[in-house]
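# Descriptive analysis of the structure
Chain by chain, the residues run as shown.
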2 protein chains.
Amino acid sequence: MSKEKLVKEITSMEDDFAQWYTDVVLKAELIDYSSVKGCMIIRPYGYAIWEKIQHLMDAMFKETGHENVYMPLFIPESLLQKEKDHIEGFAPEVAWVTKGGDEELDERLCVRPTSETLFCDHFKNVVHSYRDLPKLYNQWCSVVRWEKTTRPFLRSREFLWQEGHTLHASAEEAKAETERMLNVYAQFAEEYLAMPVVKGVKTEKERFAGAEATYTIEALMHDGKALQSGTSHYFGNGFARAFGIQFADQENNLVTPYETSWGTTTRLIGAVIMTHGDDSGLVLPPAIAPIQVVVIPIAAHKPGVCEKAKEVYERIAKVSRARMDVSDNTPGWKFAEYEMKGVPLRLEIGPRDIENNQCVLVRRDNGEKTVVSLDELEERIPELLKAVHDGLYEKALARRSAMTYDAHNMEEMMDMAEHKPGFIRAMWCGERACEDQLKEQAGVSSRCIPFEEEHLSDTCVCCGKPAKHMLYWGKAY
Amino acid sequence: MSKEKLVKEITSMEDDFAQWYTDVVLKAELIDYSSVKGCMIIRPYGYAIWEKIQHLMDAMFKETGHENVYMPLFIPESLLQKEKDHIEGFAPEVAWVTKGGDEELDERLCVRPTSETLFCDHFKNVVHSYRDLPKLYNQWCSVVRWEKTTRPFLRSREFLWQEGHTLHASAEEAKAETERMLNVYAQFAEEYLAMPVVKGVKTEKERFAGAEATYTIEALMHDGKALQSGTSHYFGNGFARAFGIQFADQENNLVTPYETSWGTTTRLIGAVIMTHGDDSGLVLPPAIAPIQVVVIPIAAHKPGVCEKAKEVYERIAKVSRARMDVSDNTPGWKFAEYEMKGVPLRLEIGPRDIENNQCVLVRRDNGEKTVVSLDELEERIPELLKAVHDGLYEKALARRSAMTYDAHNMEEMMDMAEHKPGFIRAMWCGERACEDQLKEQAGVSSRCIPFEEEHLSDTCVCCGKPAKHMLYWGKAY
């Protein structure tokens, strides 16, 4: 397959963004469709990206004092029903196990869509005194939500995620935890995914089922749609009351603790694809790239080239995740393949380079070529990887700035929603009715009230009544 | 709670081994029972052990060229039915999802009990040429088997495991892979779990559903029962034929590839408990111990003690996974607590030690105390951890040797099965009938034909006909 052929097989972003996305996830070998409707197979290259995400994020959780646990896959129906808002929110989209072997179950079990109820059930067993608090737990697992329409990584019937669940002696402490973990997510998105995010709080309409407050990080994709990329929920003591969790405080009074939960999913891989990808395929931020540098010998049949390439590979493998491709494919084919796979740096080395004690390094994010002396490889590779990360972040931030608009009235809002893909910032009165109306008329949903609000005008963009908050609006995945 | 009280709460092994086991898993805070019958909650300390196992084993898989993937949680009934022996083996013990949200499913889905069928379904999509082979895949996930009676880690309706699935161009290569991975398991058991194992092949009766050969590592528990601790299966091309997987070989002929699978589970944690544990609780091999050394200040209220303990802790945290306990519990209470949790080394440091520039290190495996100069901490800690590992392995090996018996006739076999808990080695004619008879009359099952057979006699221990193999027999978990 020639380079041209391979590249031609991807639809361009301009022509059809959705098809471009599907082409990338398949051609970069991130996923395969399965015989199980709505469920995907995560292939080695896709899973390696998830492993990097897990590894980095898990370290951040542990640094902030969290411990990993494992809860059952199933939730008895009676347990799921204990918190009323929660069951209402999730019942329409759960999968039910009704039979074990040949026997009908006495009580049907749902496959966990999320595990608040299981964690509460366990907390009730193990929390008795203020000395047992806080409990700072997390689990890595898969969850199931019976979605009607699905897309790889973005929305599927089963997906991989982490769910943190914490229990605290006071509301203040639980609120601080909710914000702390949202900040961890934002830091992760920016430092490892090179993805700028808006941090904020969801409106009541968009809150998680059973939560008193839902915080979110919202990212803007290449096509101007928003992607909710991580959420952190403050539950007050609603779940704890529903499950009868109590502890003896320092004065030996029985009191009810406060709870939080927070989650991110394999959706982050979709976010990376749609934030950084281009018409040549995937573009991976170096921190989560399974291969950071690919070494490609040029004119590999000439004497000494492969040997020198191998020597170079072995040196850079000590400072980066490197791979060498000595297959008999043409260099052009290899260039296209590793571009498709989003490898941040390509190292080319041929006979003339070897004569000059140099090699050529090509950045995936902008195609920039740098001639590097072989004496300086160990310093230059990490520098260039850092440059790719920074380049990706800056490009994404610049695009988000260019695609963020302020609407002062309904006319502007309608115009932007129709003609200007991106975030729309506008003032809001605080009423659900205006959210519903904007959804219906402009097709946009409220993304969040940002932590850093600006005062754009005095009145609600929709009803004209006095404004309470500035909101980010947008079309969303 | 005093040391005495805490220790008293564990049943002694002698009195009731099963109750001792349950006491240990609960008191060492490895698990909690859940509201989901037959499913356990793995608590932070138990999960940290599993994370260590995963981390070490995953590195061994990657070193041998394997890649991780993720397959769906569900298997459509029609897919599960494609390989006849396989469905027969698993159908009685699967959980069925029959409803998604409010809708009855057109085809019911089983929650994966193992994923051969899903891997084959995927291999069919991605394997076309000899260039695509071998595929060396693994996944870490949970599986569900609807067991009637359950015990934490040993047998539960849901458990965590890894399942390797590989596809090869030739039978020879697939057979070599099957053996290679069994050797990886044996090496893992011995080098990281300090647990000697017998490597061998299962009889046809004990084979995995759909396999042509099943290899196993068998360990001997404290109570003389055998525990199957890891298995590796050679499938020939039966699954590949059932799923229509074919590839073009180098001469461009369409041929059918050969498959293997291999798995280990959270059962390994049960194996560690029952191999090394004692009447004071858990005893962990250092390689998988979440805490390798616990620092306990003695007379912590005296000036300078806590400061010095902290200094020592910070030094040893650089060469081991260390924890310091400065809570206001008594030293005796702390000793009992960390013994219960199986921490390999305890470091005691008090005023007199500080005066003498020394500390006391106590081995969990044998209680041996060593006075160590504070100048030599960094060298002595790793040495002592190695000594604990070696001590555990040697003790387990000696016990296994002492509990392995040779039976030359049915009378000896019956006597050993009744009075001598342990492995029984005996010759076998190769007939299923003799296996069934031994199960019925002596209550023992065949564990494996070891890779290293000995010639104990000419005739089958059961029927007296000419013997074909030496078998390990035993009562098993």
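Residues numbered from 1 in each chain as written. Chains lettered and ligands numbered in written order. Predicted model: local features only at pLDDT ≥ 70, side-chain atom pairs only at ≥ 80, totals over all residues. Heavy atoms only, no water.

## Here's the deal with the overall build of chain A
Helix and strand counts for chain A come out as 15 helices and 23 strands. By the compact-globule yardstick of 23 Å for 477 residues, chain A fits well, its C-alpha radius of gyration being 25 Å. Dimensions along the principal axes, computed over C-alpha positions, put chain A at roughly 80 × 55 × 50 Å. Contacts in chain A between residues at least 24 apart in sequence constitute 68% of all its contacts with a sequence separation of at least 6. By element, 46% of the accessible surface of chain A is carried by carbon and sulfur atoms, the whole surface being about 19000 Å². (Helix = DSSP H or I, 4+ residues; strand = E, 2+ residues; numbered from the N terminus. Rg over C-alpha atoms; globule rule 2.2 N^0.38 Å. Contact = heavy atoms within 4.5 Å. Areas by Shrake-Rupley, 256 points an atom, 1.4 Å probe, with all protein chains shown as cover.)

## Describing the sheet that holds strand E17 (residues 345-349) of chain B
Residue and element names in this part refer to chain B. Pairing is mixed across the open sheet formed by five strands, whose spatial order is E16-E15-E17-E18-E19. Two strands bound the open sheet, and with one partner strand each, they are strand E16 (322-324) and strand E19 (369-373). Sheet twist, expressed as the mean angle between neighbouring strand axes with direction ignored, is 25°. Of the pairings in the sheet, the one linking strand E18 (residues 358-363) to E19 comprises five bridges and is antiparallel in character. (Pairing = 2+ DSSP bridges. Axes fitted to C-alpha atoms, helices over the stretch in contact; angles between N-to-C directions.)

## Quick notes on the relation of the copies chain B and chain A
Rotating chain B by 180° and moving it 0.0 Å along the rotation axis overlays it on chain A with an RMSD of 0.0 Å. The two molecules are tied by a two-fold rotation axis, judged by turn and shift. No C-alpha of chain B lies nearer the rotation axis than that of Val97 of chain B, which sits 2.1 Å from it. Interface overlap between copies is the fraction of interface residues in one copy that are interface residues in the other; for chain B against chain A it reaches 100%, indicating a shared surface. (Least-squares fit on C-alpha atoms with pLDDT ≥ 70 in both.)

## Quick look at helix H2 (residues 17-27) of chain B
Residue and element names in this part refer to chain B. Of all the positions in H2, only Phe17, Trp20, Tyr21, Thr22, Asp23, Val24 and Val25 are classed as buried. Those residues of H2 that are buried are in contact with strand E1 (31-33) and helix H9 (267-276). Here H2 starts with a cap whose side-chain oxygen sits 3.3 Å from the backbone nitrogen of Ala18, and that cap is Asp16. Directly beyond the C-terminal end of H2, a positive phi value near 60° is found at Glu29. (Buried < 20%, exposed > 50% of the residue type's maximum accessible area, 1.4 Å probe, protein only. Polar contact = N/O pair within 3.5 Å; in protein donor to acceptor, adjacent residues only side chain to side chain.)

## Thoughts on empty space enclosed by the protein
If you walk through the whole model with that rule in mind, you get four cavities of 30 Å³ or more. Of the volumes computed, that of the largest cavity is approximately 50 Å³. Of all the elements in the fold, those that place two or more residues in the lining of the largest cavity are strand E2 (40-42) and strand E8 (158-168) of chain A. No other element matches the three residues that E8 of chain A contributes to the lining of the largest cavity. Partitioned by chemical class, the residues of the lining of the largest cavity number seven nonpolar, no polar and one charged. Counted as a void, the second largest cavity has a volume near 50 Å³. Forming the walls of the second largest cavity are Tyr70 of chain A together with Cys39, Met40, Ile42, Glu158, Phe159 and Leu160 of chain B. Those elements that place two or more of their residues in the lining of the second largest cavity are strand E2 (40-42) and strand E8 (158-168) of chain B. Classifying every residue of the lining of the second largest cavity gives six nonpolar, no polar and one charged. (1 Å grid on protein atoms, 1.4 Å probe; cavity = no way out; pocket = protein on both sides within 12 Å on 5 of 7 lines; lining within 4 Å. Points joined across faces, edges and corners; volume = space filled by probe spheres on them. Nonpolar A, V, L, I, M, F, W, Y, C, P; charged D, E, K, R; others polar.)

## Quick notes on the pattern of salt bridges
Per the stated rule, a full pass over the model turns up 50 salt bridges over all chains. As a salt-bridge pair, Lys308 of chain B and Glu311 of chain B come within 3.2 Å of each other at their nearest N and O atoms. Within this pair, Lys308 of chain B and its partner Glu311 of chain B are both found in helix H10 (residues 305-316), separated by three residues, close to a single helical turn. We classify Glu311 of chain B as partly exposed; its relative accessible area is 37%. Several salt bridges share partner residues, and in doing so they unite Glu51 of chain A together with Asp58 and Lys62 of chain B into one network. (Salt bridge = Lys/Arg side-chain N within 4 Å of Asp/Glu carboxyl O.)

## Notes on helix H11 (residues 331-340) of chain B
Counting buried positions over the 10 residues of H11 of chain B gives seven, a clear majority of the element. A positive backbone phi angle near 75° is found at Gly342 of chain B, which sits one or two residues after H11 of chain B.

## Brief notes about the packing of helix H14 (residues 410-419) of chain A against helix H15 (residues 432-442) of chain A
Residue and element names in this part refer to chain A. Orientation of H14 relative to H15, taken along the N-to-C sense of each, is 50°, at an axis distance of 10 Å. Judged on the interaxial angle alone, H15 and H14 are oblique. Remark: the crossing between H14 and H15 carries right-handed chirality. Contacts between H14 and H15 pair Met410, Met413, Met414 and Ala417 from the former with Leu438, Gln441 and Ala442 from the latter. Residues of the contact of H14 with H15, tallied by class, amount to six nonpolar, one polar and no charged. (Parallel < 35°, antiparallel > 145°, perpendicular 65-115°, else oblique. Left-handed = near helix turned anticlockwise from the far one by under 90°.)

## A few points about a negative patch on the surface
All names here are of chain A. A cluster of acidic residues, Glu14, Asp15, Asp16 and Asp279, forms a negative patch at the surface. Looking at the element boundaries, Asp15 is found in the loop between helix H1 (3-8) and helix H2 (17-27). Judged by its relative accessible area of 64%, Asp15 is exposed. (Patch = residues over 30% accessible without salt bridge, like charges linked within 9 Å, V, L, I, M, F, W, Y side chains within 5 Å. Lys, Arg positive; Asp, Glu negative; His and termini not counted. Charge placed at Lys NZ, Arg CZ, Asp CG, Glu CD.)

## What about the state of the cysteines?
Residues and elements named next belong to chain A. Scanning the entire structure with this criterion turns up zero disulfides over all chains. Not engaged in a disulfide, the cysteine Cys120 finds its nearest cysteine sulfur in Cys110; these two sulfurs lie 14 Å apart. Judged by relative accessible area, which is 0%, Cys120 ranks as buried. Between Cys463, a free cysteine, and Cys434, which holds the nearest cysteine sulfur, the sulfur-to-sulfur gap is 3.6 Å. (Disulfide = S-S within 2.5 Å.)

## Considerations on the interface of chain B and chain A
On the chain A side, the residues contacting the 55 residues of chain B number 55 residues. Taking both partners together, chain B and chain A bury about 4300 Å²; carbon and sulfur atoms supply 58% of that area. Scanning the region where chain B abuts chain A turns up four salt bridges. Taking the shortest distance from any N to any O, the salt bridge between Glu51 of chain A and Lys62 of chain B comes out at 3.2 Å. On the surface where chain B and chain A come into contact, there are 27 residue pairs in polar contact (both at pLDDT 80 or more). Here the side of chain B that touches chain A takes six residues from strand E5 (residues 95-100) of chain B, the largest share from any one element. Of the residues belonging to the side of chain B that touches chain A, the class tally is 31 nonpolar, nine polar and 15 charged. Of the strand pairs in this sheet, strand E5 (residues 95-100) of chain A and E5 of chain B are connected by five bridges, and their pairing is antiparallel. Bridge pairing links Lys99 of chain A to Trp96 of chain B in E5 of chain B. (Buried area = accessible area lost by both parts, 1.4 Å probe.)

## Things to note about the sheet that holds strand E7 (residues 135-144) of chain B
Residues and elements named next belong to chain B. Strands sit in the order E3-E7-E8-E14-E11-E10-E9-E22-E23-E21-E20 across an open sheet of 11 strands; the sheet is mixed. Unpaired on one side and paired on the other, strand E3 (67-68) and strand E20 (404-406) mark the two borders of the sheet. In the sheet, strand E9 (residues 198-201) pairs with strand E10 (residues 213-220) via four bridges, with the strands oriented antiparallel. Across the sheet, residue Gly200 finds its bridge partner in E10, namely Thr216.

## So, the pairing of strand E18 (residues 358-363) of chain A
Residue and element names in this part refer to chain A. Burial analysis of E18 places six of its six residues in the buried class, which makes it a mostly covered element. The two faces of E18 match: Gln358, Val360 and Val362 on one face and Cys359, Leu361 and Arg363 on the other face are all buried. In this structure, strand E17 (residues 345-349) lies alongside E18, joined through four bridges in antiparallel fashion. Each bridged residue has a counterpart across the sheet, and for Leu345 the counterpart in E18 is Arg363. If you look at the hairpin formed by E18 and strand E19 (residues 369-373), you'll find five residues sitting between the two strands, and Gly367 has a positive phi there, around 75°.

## Some details on the pairing of strand E22 (residues 445-450) of chain A
Residue and element names in this part refer to chain A. For E22, a buried count of six out of six residues is recorded, marking the element as mostly surrounded by other parts of the structure. One ladder, built from two bridges, connects strand E9 (residues 198-201) with E22; its direction is antiparallel. Note on E22: the bridge partner recorded for Gly200 is Pro450. With three bridges connecting them, E22 and strand E23 (residues 469-474) associate as antiparallel partners. When the bridges of E23 are listed, Ser446 appears paired with Trp473.

## Observations regarding the environment of Ala402 of chain A
Summarising the element assignment, Ala402 of chain A is placed in helix H13 (residues 377-402). Along the chain, Ala402 of chain A and Phe423 of chain A lie 21 residues apart, while their C-alpha atoms are 9.7 Å from each other.

## Some points on unusual backbone geometry
The omega torsion across Leu133 of chain A and Pro134 of chain A is -5°, close enough to zero to call that bond cis. Mapped onto the elements, Pro134 of chain A comes out in the loop between helix H6 (116-126) and strand E7 (135-144). The backbone phi angle of Ala194 of chain B is positive, close to 55°, even though this residue is not glycine. Mapped onto the fold, Ala194 of chain B is located in the loop between helix H7 (171-191) and E9. The exposure class of Ala194 of chain B is buried, given its relative accessible area of 0%. You will see that Asn252 of chain B, though not glycine, has its phi angle at about 70°, which is positive. Classification of Asn252 of chain B as exposed rests on a relative accessible area of 63%.

By themselves, these are just geometric observations and shouldn't be taken as functional.
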